[in-house]
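Observations on chain architecture
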Amino acid sequence: MKIRVLVLAIVMSGVLCSVSPARATSMVSMSMEQLTQASSDIVQASVVGQVSEWNATHTQIVTTTTLSISQSLKGNASSTIQVRQLGGTVGPVTQTIMGDVYLRSQGEYVLFLEPDSNSDYHVVGLSQGAYPIYEDAASHDERVVLPLNQASIQNLVSGGGNPAGTVPLVGFHKYVSSI
């Protein structure tokens, strides 16, 4: 009996030692006020180009997205900027960062940004700092899609009557500018 327990303990310790450490993305929930304060620039922008490539050591894929700025709500971003993000697809290899936003080709967004060390930007708060914009099919109004944790601002921006989880772009601009 003691030999079985000893063998089981040795096998289990071998299994535990051979498992590589898990890697995860941690995302702290941020309020609209925190996103605004943490951002040097808040812009409305459209994706005009995107390139994914391996970093210099061929250990991570980095995606650089070129954006055309149509309106600046905070800061002094130039008319065209680049956002760098970890992850992307190069050939048959795809790397994703859980919780980060995937900026769609030709997509339009309100983005909360902070400069990085390469004179590019990164999105503050991962996916929390990116608000997709779409045109409502019925009214042709531009609307902002809110992340789940920001849905409470819907009533502050508009008087209701909007598709759940969305607000008018004009109202969203006014709300962010007031912060």
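For the structure itself, look to the data block above.
Quick caveat: nothing in here was measured; it's all calculated off a predicted structure.

Quick word on the nonpolar core
- Ranked by size, the top nonpolar core spans 17 residues in total, and within it Met 32, Val 110, Phe 112, Tyr 131, Val 144, Phe 172 and Val 176 carry the most contacts.
- Those elements giving two or more residues to this core turn out to be α2 (32–38), β6 (108–115), β8 (130–135) and α4 (169–178).
- With four residues, α4 is the single largest residue contributor to this core.
- One finds Ala 45, Leu 67, Ile 81 and Tyr 109 within the second-largest nonpolar core, a separate group that totals 16 residues.

Observations concerning the pairing of β6
- Note: strand β1 (residues 41–54) against β6, six bridges, orientation antiparallel. Bridged to Gln 44 within β6 is Val 110.
- As paired strands, β6 and β8 are joined by four bridges and run antiparallel to one another. Paired with Glu 108 across the bridge in β8 is Ile 133.
- Where β6 lies against strand β7 (residues 121–123), three bridges are found, and the strand directions are antiparallel. Each bridged residue has a counterpart across the sheet, and for Leu 113 the counterpart in β7 is Val 123.
- Between β6 and β7, which pair antiparallel in sequence order, lie five residues; one of them, Ser 119, sits at a positive phi of approximately 65 degrees.

Conventions used here
- Residues numbered from 1 in each chain as written.
- Predicted model: local features only at pLDDT ≥ 70, side-chain atom pairs only at ≥ 80, totals over all residues.
- Heavy atoms only, no water.
- Core = buried A, V, L, I, M, F, W, Y, C linked by side-chain atoms within 4.5 Å.
- Buried < 20%, exposed > 50% of the residue type's maximum accessible area, 1.4 Å probe, protein only.
- Helix = DSSP H or I, 4+ residues; strand = E, 2+ residues; numbered from the N terminus.
- Pairing = 2+ DSSP bridges.

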